[in-house]
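# Understanding the architecture of this molecule
So you can see what is in the structure, the chains are spelled out below.
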Amino acid sequence: MGGVSARSDAVGGVVVHVDGRAVPAVDGQTLLGALLAQGHRVLRHNPVTGEARAGYCGMGVCFECEVEVDGRAQVRACMEPVRDGQRVRLGPATDEAAAGNGAARPDVVAP
Amino acid sequence: MSRSAGARHVDVDAVVVGGGAAGMVAARDLARAGASVALLDEHHELGGQYYRRRSGAVLVRDGDLRPRGTRLAAEVRAAGVAVHTATTVWGVGDDRRTVLATRAAGDGVLRVRGTTAVVATGAHERSVPFPGWQLPGVVTPGCALHLATIDRVPVGRRTAVAGSGPFLLPVACALLDVGVEVVGVFEAGRPYRPDRRALDAARYPRRLVELGGYLARLARAGVRVHQGWHVAAAHGDPAVEGIRLRGPGGREREIAVDAAAVGFGFRPNTELLALFGAEVRPDPATWDLVPVCDELGRTSVPGLVAAGEARGVAGVHAATVRGALAAVAAAEHLGLRGDDEIDPRLLRRARAADAFARLTAARYPVPHRLVAAAPDATLVCRCEGVTAGEVRAAAATGWNDMDATKGASRAGMGPCQGRQCAYAVAELVRQRTGTAPRRVFSPQMPLKPVRVAELLAGTAPSTATATPAVPAPPAAAVGSGGSTNGRSPGTAVPGVGAP
């Protein structure tokens, strides 16, 4: 991929911990960009439909990119700057979806 | 709820909501005119969307994307404006004058009361739903742009840019900058055909040069701009793997992509203006609501001025001028202006910008027919999982205004408060009933989700009242899916009501 590469030893490199795994990022990026750059295409699951979701609007309006940061829930990744040592948990709704709360709307699917 | 050490109250001459181009110009000019000004913005830095800044190592390595915006933000601070970033305005107090906000730090409610208020809350992108638009990897053009320019991250390896509007072109170019293979730009309309109307654009040579630059860049990179094509569906599991496009004569083609940036222009954020009680009306070009205001942006509420895209979508140059005009109106309300005449150049620039906005809207008409084309199973309300079929059914049973349809279907009740679906819901209702509903849900507080714990932060149980102590509710977020953040239940607080 093109663009700025994220290595933890690069100038401006920071390390974010995502579900316990160390993820390199670049100081100045948003969490959304840093996560996407490292292949995290799915950020959470919608609590009503159980579908996989990720960032959509990039400007804090849609709330699709909510992740947990340093214990704070429902942080919009598109507005959150990365910081060295950040602890990120993806998809708090993942547990609910797995418990069967989601998938209540099987008719809502992509063709 | 009584005021306490945790909640903060600020009294100023002018409160400006929104730190984008219009808000920054308005705040700076008002401060220079001698007013005490508080500028509030939800983001951690000033700039809004167009002037969203690079920071940190990205800034050092790749340079300042928007030096003009950086200068503006510096001028705002140098003028003595009290800048409150990472501060989300979510409501208006009972006095219809005090702005209610919470900070990301979560230290209680910030109440800012201005003798005058400038609302420069900008706009958000218009979405037209299609099957699969909720898949990871399908984003708005603005999202793809910010990822490319601010984060320097490609939204995908192979990406389509689609929808309608002049914005698609700079987005496609920005994607090329970060190494994306742009498989094509698919414009639903036909704005680039040479016809007589196109000649009107010749009166705006700088805009034409800008447009020509994008088209040339795309041509050099072999990226075709297709006209009359739209995304009929996206598919993939769990993220997008391909899109089906539909074009003239019903032709279809499938393209493998791992991202798609799809959007249809912008809609003004008028919710805060409506909470203040400002009169709004449908914009004849788009049917979106805009505030009723004069050339300076004065609304139907004395002392309340609208600026920038919140007045109606017209671009950053219009926003800058409207910010200056808003400062004039607010300064007049504060008695800070003598008999100074308004700079006629400002008014000329404003009129030219408005005329160009009307030309643009006519060139890129919103394709309402695409909403009609959405199959019943298409997701319309992303937050609450409401389909087009459910909205159509709700409309058919007589629930044919926006708020009743919302009540019957739950569309619009989620965290985004209908910002992503209101356009489509209104169009579905209109198509089913023939009536033209307002194209927004009635705004209500909180405009954005707020944690109960944030509302309660700093309130001390010892500020005793005659009412018996009641157990605190679980610290759920108001207006969105529940979540706890560690506040212990059972802590007595002196009543929990609207702040």
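This section reports on the structure supplied with the text. Within every chain, residues take consecutive numbers counted from 1 along the sequence as written. For naming, the first written chain is A and the first written ligand is 1, with later ones following in the order written. At least 70 in pLDDT is required for a residue's local features to be given in this predicted model, at least 80 for side-chain atom pairs to be given and counted, and no such filter applies to totals for whole chains, interfaces and linings, which use all residues. Computation of side-chain values covers all heavy atoms of the structure but excludes hydrogens and water.

Here the idea is plain: a probe the size of a water molecule rolls over the atoms and shows the empty space left. Approximately 720 Å³ is the volume attributed to the second largest pocket. We place a 1 Å grid over just the protein atoms. Points where a 1.4 Å probe fits but has no way out form a cavity, open points with protein on both sides within 12 Å along at least 5 of 7 lines form a pocket, and any residue with an atom within 4 Å of a point lines it. As for the second largest pocket, its lining consists of 29 residues, of which A:Arg72, A:Gln74, A:Arg76, B:Ala104 and B:Arg451 are closest to the centre. The way it works is that DSSP assigns letters per residue, a run of H or I at least four long becomes a helix, a run of E at least two long becomes a strand, and they are numbered from the N terminus. Of all the secondary-structure elements, those providing two or more residues to the lining of the second largest pocket are strand E6 (72–76) of chain A together with strand E4 (87–92), strand E5 (98–103), strand E22 (450–451) and helix H14 (452–456) of chain B. Residue contributions to the lining of the second largest pocket peak at 5 residues, all from E6(A). For the lining of the second largest pocket, the class distribution of residues is 11 nonpolar, 8 polar and 10 charged. Grid points are joined across faces, edges and corners, and a volume is the space filled by probe spheres set on the points. Only Asp, Glu, Lys and Arg are considered charged, only Ala, Val, Leu, Ile, Met, Phe, Trp, Tyr, Cys and Pro nonpolar, and every remaining residue, Gly among them, polar.

Turning to the side chain of A:Thr49, a few remarks are in order. Note on placement: A:Thr49 falls in the loop between strand E3 (44–45) and strand E4 (52–53). Two N or O atoms count as a polar contact when they lie within 3.5 Å, although within protein this holds only if one can serve as hydrogen donor and the other as acceptor, and sequence-adjacent residues are included solely when both atoms are side-chain atoms. Side chain to side chain, A:Thr49 and A:Glu51 meet in a polar contact 2.8 Å long.

This paragraph deals with the sheet that holds strand E12 (residues 230–235) of chain B. Residues and elements named next belong to chain B. With antiparallel pairing, the 3 strands of this open sheet are ordered in space as E12-E13-E14. Each edge of the open sheet is held by one strand with a lone partner, namely E12 and strand E14 (252–256). The sheet shows a mean angle of 25 degrees between the axes of neighbouring strands, direction not considered. Strand pairing is assigned whenever DSSP identifies at least 2 bridges connecting the two strands. Note on definitions: angles span 0 to 180 degrees between N-to-C directions of axes, and those axes are lines fitted to C-alpha atoms, for helices only across the stretch in contact.

Attention now moves to the interface of chain B and chain A. In many reports, interface size means the accessible area that the parts give up when they come together. We call two residues contacting when some pair of their heavy atoms lies within 4.5 Å. Facing the 67 residues of chain B at the interface are 47 residues of chain A. Summed over both partners, the accessible area (1.4 Å probe) lost when two parts come together is defined as the buried area. Summing both partners gives a buried area of about 4,300 Å² for chain B against chain A, and 56% of it is carried by carbon and sulfur. Here, a salt bridge means any Lys or Arg side-chain nitrogen found within 4 Å of an Asp or Glu carboxyl oxygen. The interface formed by chain B and chain A holds 2 salt bridges in total. A salt bridge links A:Arg76 to B:Glu42; the nearest nitrogen and oxygen atoms lie 2.9 Å apart. For the pair chain B and chain A, the number of links is 19 residue pairs in polar contact (both at pLDDT 80 or more). Secondary-structure elements contributing two or more residues to the side of chain B that touches chain A are helix H2 (56–62), strand E7 (123–125), strand E8 (138–139), helix H4 (141–149), E12 and strand E21 (386–387) of chain B.

With that out of the way, let us pick up the pairing of strand E15 (residues 259–264) of chain B. All names here are of chain B. Note on exposure labels: buried denotes an accessible area under 20% of the residue type's maximum, exposed denotes more than 50%, and partly exposed covers the range between, all computed with a 1.4 Å probe on protein chains only. Within E15, 6 of the 6 residues are buried, which leaves it mostly tucked inside the rest of the structure. Across the two faces of E15 the burial is the same, with Ala-259, Ala-261 and Gly-263 and Ala-260, Val-262 and Phe-264 all buried. Note that E8 and E15 share 2 bridges and pair parallel. The residue bridging Val-138 from the neighbouring strand is Ala-260, located in E15.

Time to look at helix H6 (residues 205–220) of chain B. For a helix, the expected span equals 1.5 Å multiplied by the number of residues minus one. With 16 residues, H6(B) extends 22 Å between its outermost C-alpha atoms, agreeing within 8% with the 22 Å of an ideal straight helix rising 1.5 Å per residue. Backbone geometry just after H6(B) places B:Gly222 at a positive phi near 75 degrees.

Here a pair means two rings of Phe, Tyr or Trp (six-membered ring of Trp) with centres within 6.5 Å. Their orientation is stacked below 30 degrees between planes, edge-to-face above 60, and tilted elsewhere. Enumeration according to the criterion identifies 5 aromatic pairs over all chains in this entry. On the numbers, 5.2 Å between centres and 85 degrees between planes, the contact of B:Tyr50 with B:Tyr51 is edge-to-face. Judged by its relative accessible area of 9%, B:Tyr51 falls in the buried class. Two conditions define a charge located above a ring, namely a distance within 6 Å from the ring centre to NZ of Lys or CZ of Arg, and an angle within 35 degrees of the ring normal. The ring of B:Tyr50 carries the charged tip of B:Arg66 above its face, separated from the ring centre by 4.0 Å. The ring of A:Tyr56 is capped by B:Arg382, whose NZ or CZ atom sits 4.0 Å from the centre of that ring.

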